[in-house]
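Analysis of the macromolecular model
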Amino acid sequence: MQSNRVWIAVLLFAIFSLSYPVKAQENKAPEDPASQRAEELLKKLTLDEKLQFILSKYPSNANPGGGVGYIEGVTRLHIPDVNISDSATGSGSATQLSTTFPATIALAASWDRKLSYDYGKEVAIQLRAQGFAMGLGGAANLTREPRGGRSFEYLGEDPILAGELLAQRTQGTQSQKVMASIKHFAGNEQETNRMGGNSQIDERTLRELYLLPFDIAVEQGHPASVMCSYNRLNGDYACENAELLTNILKTQWHYPGQVQSDWGATHSTSKAINAGLDEEEGSDAGPAFFARNPVLYALANHDITMARIDDMVRRKLYAMISSGVMDDPPHGGEKIDFDAARNFAQSVEEQSIVLLKNDNQQLPLPTAKLKRIAVIGSHADAAVMSGGGSGDTIHPVTGSFPGCEGLEFVDHNGCGWWRSPWLKIPVPLMNAIREVTPASEVEFSGVRDEQVPFRAYSPGEIAAAAALACKSDVAIVVVAQPAGEDFGDLKTLRLQNPSNQDELVDAVAAANPHTIVVIESGNPVLMPWKDKVAAIIEAWYPGEAGGRALASVLFGKVNPSGKLPFTFPARNEDTPTWGDSGVISKDPIYSEKLNSGYRWYDAKKIAPLFEFGYGLSYTHFRYSDLTVKRGADHIIQVSFSIKNDGAQAGAEVAQVYLGIDAAGEPPLRLGGWSKIRLEPGEVQQVNISLSPKAQSIWDTSANDWRVIPDSLVYVGASSRDIRLEESAPRPAAKAKKAA
Ligand code: BGC
């Protein structure tokens, strides 16, 4: 009986709403013009029109473009459709050609804010040309779990590095009138139990680590959208977590934009709407929670209010207006300059490659002197590794290998619904080396079988590689660590897929003392052969211009300047999440608290293989003359000089860490950095400001940030290569709250 009455009410409400615009709930007059315009538009919408804005549909023939969803506009009010595409490393259109840029973990290794802005912009240029008004990316979940299957899509293990780069990327995207969605909010640091594992994170750790990148990106990047994640956070699903979405994001951070769900991450109607979710996504596979009937039912039942529906729609309209999409929507079908984009992809990679080892200045290679060069392994004659899943471009310029046979992860074999992560590229490493050194003989040895791209090297193939290395002046072995969304997490940080890559390196290194290892990975990698090889380069997933970028660095056209955005441990057992058995928990408890990433190794006094912030150059830099001043509003001004005291031009990422004197804090944490380019002999003064938040801890009793005035300032070339240090002067007045 009761339910009949509710349905009659729903029906009456629906009939009424079809013919008359529903009067919007009165709200406090918004201040800025975009809010005012959104408010005016909202008043003109019927209820049914409003409901169009809270549920995205799967692209249909009416909205081609190969995106992952679209919101239907309202023609009579000149509100355009919003086509949505993935955009982690380039447009994810399933039907249109896009450039594959290096994975975003590479971007993080560049430590270059401007480059991150340009990356967001370049991706958005293609999104817009293809008709997309919204790009899903970038993402800033921290590399808490070094085996994390999506670590390549993120920006490393430090919240300030990740947050500032994400803010820049967001600004770059939105400069092209494409709405950026930042993801995955929050506590989504692993793939194990990816559709709902309960991340259990105490309040202080959450604020100081896992929310901070989003906090910074919201404040500095002004994203149109925030995407809530698949997992649960301290009990509630992220997409129906009122504390996360309403209290923190919308109320405390004053976020005016919309919250959209990850694809299929909505679990309820009323609970999700009341918690602050504004738009459901990816419901094509089943009934939608934000469809007309359940929403009308919830309204009629007073489980949700019309004011909240208005708020959901207002936020979407605001995002469209403030990003420029409302007045200048993309139409698609525009020509893309793929050559220019590929050049940009190459420059991103060149600035992101990290030189990890360079014994006896093995690198750069002397072009004229090398008669014979061996290029070994990882399909370096044809392809590079790219991350799998929505973080990949689905239709790269040249296609990818056909399959994933032999690929193994924690809870997944093969590619599942994703294609192979081996991206064929126009100029693979072998050919790029030939371009740089045409007089040398460049030969490839390795598996040529595209059909079984992950099978282990046979004993014969390993012997052939060693024989080629033996008769060559230098041997470049490429190893790769595939990973992708929905592949699961890695079983180990040892090279796998294929499983005997370490054996291959051992055999080549035994045959030639001039062995250089190039790693293509989105995760840290164990290197049992580290002491046997002459040089090591981390190239990440290098994108479609990866061959040429690598050749530029190997032969010294480009001086490497990348620094690690996460720690490379010496052993699996040393990592903060390995525990006794290495089993990745389905409902992870973040029990290491603030000691995640480099903070763990420092606090536990564990020597890593290569620390956070580490990376070599073909030149060297001298640090001097540190001064530390405390300015107004608790900003610490750090100044020092850097001199390029080598013989080549190069860039240095100078890092400032803070040792904060408060219980629970790690020995040091990143406060700021600057990337400086210097000619040989050049000296520059570097000024870095540390925000109050960088010097604060989260005070759980005050539910706010609290500046800790007693801190030590460390300046260095990495988190463990500290060159200068000084105490921060105490503030004149009593410590205030962080801004
Ligand atoms: C991923 C998101 C992505 C969405 C749409 C989900 O599986 O987690 O990152 O944006 O799919 O493709």
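All values derive from a computational prediction rather than experimental measurement. Starting afresh in each chain, residues are numbered from 1 along the sequence in its written order. Side-chain atom pairs in this predicted model are given and counted only at pLDDT of 80 or more, local residue features only at pLDDT of at least 70, and totals for whole chains, interfaces and linings cover all residues. Side-chain numbers here rest on the full set of heavy atoms in the structure, without hydrogens or water.

Thoughts on the overall build of the protein chain
Under the DSSP-based scheme used, a helix requires at least four consecutive residues in state H or I and a strand at least two consecutive residues in state E, with every element numbered from the N terminus. Secondary structure assignment for the protein chain yields 18 helices and 28 strands. By the compact-globule yardstick of 27 Å for 739 residues, the protein chain fits well, its C-alpha radius of gyration being 26 Å. The dimensions of the protein chain, computed from C-alpha atoms along their principal axes, are 85 × 65 × 50 Å. To sort residues, take the accessible area from a 1.4 Å probe on protein chains only and compare it with the maximum for the residue type: under 20% means buried, over 50% means exposed, and anything in between is partly exposed. Looking at the protein chain as a whole, 65% of its 739 residues are labelled buried. Contact between two residues is taken to exist if any of their heavy atoms lie within 4.5 Å; hydrogens are not considered. Across the protein chain, contacts joining residues at least 24 apart in sequence account for 78% of those joining residues at least 6 apart. When charges are counted, Lys and Arg are positive and Asp and Glu negative, with His and the chain ends excluded. To locate a charge, the coordinates of NZ of Lys, CZ of Arg, CG of Asp or CD of Glu are taken. Taking the average location of the 70 positive side-chain charges in the protein chain and that of its 88 negative ones, the two points are 3 Å from each other. As a reference, a globule follows 2.2 Å times the number of residues to the power 0.38, and the radius of gyration itself is taken over C-alpha atoms.

Topic: the packing of helix α15 (residues 459-470) against helix α16 (residues 501-511)
The contact between α15 and α16 brings their axes to 8 Å, and the two run at 30°. As summarised for this structure, α15 and α16 are arranged roughly parallel, according to the angle between their axes. Two packed elements cross with a definite hand, and for α15 against α16 that hand is right-handed. Of the residues in α16, those touching α15 at I462, A465, A466, A469 and C470 are E503, L504, A507, V508 and A511. Note that Gly is not counted as nonpolar here; it falls among the polar residues with everything else outside the nonpolar set of Ala, Val, Leu, Ile, Met, Phe, Trp, Tyr, Cys and Pro and the charged set of Asp, Glu, Lys and Arg. Residue composition of the contact of α15 with α16, grouped by class: nine nonpolar, no polar and one charged. Only C-alpha atoms enter the line fits that serve as axes; for helices the fit covers just the stretch in contact. Angles between N-to-C directions range over 0 to 180 degrees. What sets the label is the angle itself: under 35 degrees gives roughly parallel, over 145 gives roughly antiparallel, 65 to 115 gives roughly perpendicular, and the rest give oblique. Helix crossings fall into two classes, left-handed where the near helix is turned counterclockwise from the far one by less than a right angle and right-handed where it is turned clockwise.

Quick notes on the pattern of salt bridges
Basic side-chain nitrogens of Lys or Arg form a salt bridge, by our definition, when they fall within 4 Å of a carboxyl oxygen of Asp or Glu. Under the definition given, this model contains 54 salt bridges. Of the charged contacts, one joins D278 and R308 as a salt bridge, the two residues approaching to 2.9 Å between their closest N and O atoms. With a gap of 30 residues between them, D278 in the loop between α10 (270-275) and α11 (292-300) and R308 in helix α12 (residues 306-323) connect regions that are remote in the sequence. Among the charged side chains, a salt-bridge network with shared partners connects E39, K250, D278, R308, D311, R314 and R315.

Focus on the sheet that holds strand β16 (residues 441-445)
Here we have six strands laid out as an open sheet, ordered β10-β19-β18-β17-β11-β16, and mixed in their pairing. Among the strands making up the open sheet, the edge pair consists of β10 (354-358) and β16. Looking at each pair of strands side by side, their axes are set apart by 15° on average, direction ignored. Strand pairing is assigned whenever DSSP detects at least two bridges linking the two strands. Where β10 and strand β19 (residues 535-538) come together, four bridges link them in antiparallel fashion. Note that in β19 the partner of N358 across the bridge is A535. Strand contacts of helix α14 (residues 429-436): β11 (372-376), β16 and β17 (474-481), with the helix running at about 170° to β16, the strand carrying the most contacts.

Here we look at the site of the ligand
Being near a molecule or strand, for a residue, comes down to having at least one heavy atom within 4 Å of it. D86, R150, H184, D262 and E485 are the nearest of the 13 residues found near the ligand. Identification of polar contacts relies on pairs of N or O atoms within 3.5 Å, with a donor-acceptor requirement for protein atoms, meaning one able to donate a hydrogen and the other able to accept it, and with residues adjacent in sequence counted only if both atoms are side-chain atoms. Between the ligand and the protein, one listed contact pairs an oxygen atom with a side-chain N or O atom of R150 at 2.8 Å. A distance of 2.6 Å separates an oxygen atom of the ligand from a polar side-chain atom of D262. If the ligand stood free it would expose 310 Å²; the protein chains cover 94% of that surface. Accessible surface area values rest on a Shrake-Rupley calculation with a 1.4 Å probe, where residue burial reflects the displayed protein chains alone.

A short note on the pairing of strand β25 (residues 696-699)
Sheet topology places β25 next to strand β26 (residues 704-707); four bridges connect them, and they run antiparallel. The residue of β26 that forms the bridge with W698 is W705. If you look at the hairpin formed by β25 and β26, you'll find four residues sitting between the two strands, and N703 has a positive phi there, around 55°.

What to know about the packing of α14 against helix α17 (residues 546-554)
Running from amino to carboxyl end, α14 crosses α17 at an angle of 50°, the nearest separation of the two axes being 8 Å. Between α14 and α17, the interaxial angle falls into the category oblique. Crossing angle aside, the handedness with which α14 passes α17 is right-handed. Here L429, A432, I433, E435 and V436 of α14 lie close against α17, whose contacting residues are G547, R548, L550, A551 and L554.

Digging into the domain arrangement of the protein chain
Domain start and stop points were drawn from an automatic or database domain assignment. Each assigned domain of the protein chain is listed here: domain 1 (32-189 + 197-323), domain 2 (339-566) and domain 3 (585-739). A straight line from the C-alpha centre of domain 1 to that of domain 2 covers 34 Å. Between domain 1 and domain 2, the residue contacts involve 44 residues of the former and 41 residues of the latter. Two parts placed together each lose some accessible area under a 1.4 Å probe, and the buried area is that loss summed for both. With both sides pooled, the region where domain 1 packs onto domain 2 buries about 3,300 Å², and carbon together with sulfur makes up 63% of that total. The interface formed by domain 1 and domain 2 holds one salt bridge in total. The partner of R150 in a salt bridge is E485, with the nearest N and O atoms 3.2 Å apart. For the pair domain 1 and domain 2, the number of links is 16 residue pairs in polar contact (both at pLDDT 80 or more). Looking at the side of domain 1 that touches domain 2, the elements with two or more residues in it are α4 (104-110) and α5 (113-129). The element that contributes the greatest number of residues to the side of domain 1 that touches domain 2 is α4, accounting for six residues. Classifying every residue of the side of domain 1 that touches domain 2 by side-chain character gives 18 nonpolar, 17 polar and nine charged.

A closer look at α12
Between its first and last C-alpha, α12 extends 26 Å over 18 residues, near the 26 Å set by a 1.5 Å rise per residue. Of all 18 residues making up α12, 16 are buried, and the element is well covered by its neighbours. Here, expected helix span is obtained from the residue count minus one, scaled by 1.5 Å.

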